[in-house]
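So the chains spell out like this:
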Amino acid sequence: QVQLVESGGGLVQAGGSLRLSCAASGRTFSGYSMGWFRQGPGKEREFVAGIRWSSGSTSYADSVKGRFTISRDKAKNTVYLQMNSLKPEDTAAYYCAARPQLWITTDRREYRYWGQGTQVTVSS
């Protein structure tokens with residue numbers, strides 16, 4: 001069974017940085033794509049960033065381009081989201097997701113596995 005566990009969330013001032021981690025287990029993830037999604041209060045869960053596990057190819061939402069970086073460490077079975085220049089509108093619960101296909105999609109309905117989320121709160 002694939003399991004995803006997020007960590008690294010917290011409270012940070014605007015302009016600050018956080019690094020989220022997603023520890024993945026249960027199988028080899030070659031052939032998978034991983035994604036980070038977020039859900040703010042009163043909003044639907046939205047795509048933030050994605051990465052192909054094998055090649056490292058990435059994709060980002062326009063709202064985070066130039067500020068966030070997704071990466072993965074194959075040896076540690078971990079995907080990261082480095083978040084810089086944080087804004088109050090980045091406040092949300094952040095979720096790690098995985099799907100057993102190579103290509104990245106922004107559609108949350110296409111991801112089979114999900115973590116429980118980690119809260120990020122950015123104060124002004």
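A short tour of the structure in this document, coming up. Keep in mind that this is a model prediction, so the values were computed, not measured.

Basis of the calculations
Residues numbered from 1 in each chain as written. Predicted model: local features only at pLDDT ≥ 70, side-chain atom pairs only at ≥ 80, totals over all residues. Heavy atoms only, no water. Helix = DSSP H or I, 4+ residues; strand = E, 2+ residues; numbered from the N terminus. Rg over C-alpha atoms; globule rule 2.2 N^0.38 Å. Contact = heavy atoms within 4.5 Å. Areas by Shrake-Rupley, 256 points an atom, 1.4 Å probe, with all protein chains shown as cover. Lys, Arg positive; Asp, Glu negative; His and termini not counted. Charge placed at Lys NZ, Arg CZ, Asp CG, Glu CD. Disulfide = S-S within 2.5 Å. Salt bridge = Lys/Arg side-chain N within 4 Å of Asp/Glu carboxyl O. Buried < 20%, exposed > 50% of the residue type's maximum accessible area, 1.4 Å probe, protein only. Pairing = 2+ DSSP bridges.

### Focus on the overall build of the protein
Across its full length, the protein carries 0 helices and 11 strands. When the elements of the protein are put in sequence order from the N terminus, they spell out β-β-β-β-β-β-β-β-β-β-β. For a compact globule of 124 residues, the expected C-alpha radius of gyration is about 14 Å, and the protein comes in at 13 Å, within 12% of that figure. Oriented by its inertia axes, the alpha-carbon framework of the protein measures out at about 40 × 30 × 25 Å. Sequence separation of at least 24 residues holds for 57% of the intrachain contacts in the protein that already meet a minimum separation of 6. For the protein, the computed accessible surface area is about 6300 Å², with 43% contributed by carbon and sulfur atoms. Positive and negative side-chain charges in the protein, numbering 16 and 9 respectively, have mean positions lying 6 Å apart.

### What about the state of the cysteines?
The tally for this structure, following the rule as stated, stands at 1 disulfide. One disulfide bridge connects C22 with C96, the sulfur atoms lying 2.1 Å from each other. Between C22 and C96 the sulfur-sulfur dihedral comes to about -80°; the bridge is accordingly left-handed. Placement of the pair is C22 in strand β3 (residues 18-25) and C96 in strand β9 (residues 92-99), with a sequence separation of 74 residues.

### Focus on the pattern of salt bridges
For the structure on display, the rule yields 5 salt bridges. For R38, the salt bridge identified is with E46, shortest N-O distance 3.0 Å. Take E46: its relative accessible area is 37%, and that puts it in the partly exposed class. A salt bridge links K65 to D62; the shortest N-O distance between them is 3.1 Å.

### Comments concerning the pairing of strand β7 (residues 68-73)
Here β7 pairs with strand β8 (residues 78-83) via 6 bridges, running antiparallel. Opposite I70, over in β8, you have L81 as the bridge partner. Counted along the chain from β7 to the antiparallel partner β8, the turn is 4 residues long, and its residue N77 has a positive phi close to 50°.

### Points about unusual backbone geometry
Across residues other than glycine, the phi torsion is negative in most instances, and most of the peptide bonds are trans. The phi dihedral of N77 falls on the positive side, at around 50°, and the residue is not glycine. Relative to the helices and strands, N77 is located in the loop between β7 and β8. Here N77 falls in the partly exposed class, since its relative accessible area comes to 24%.

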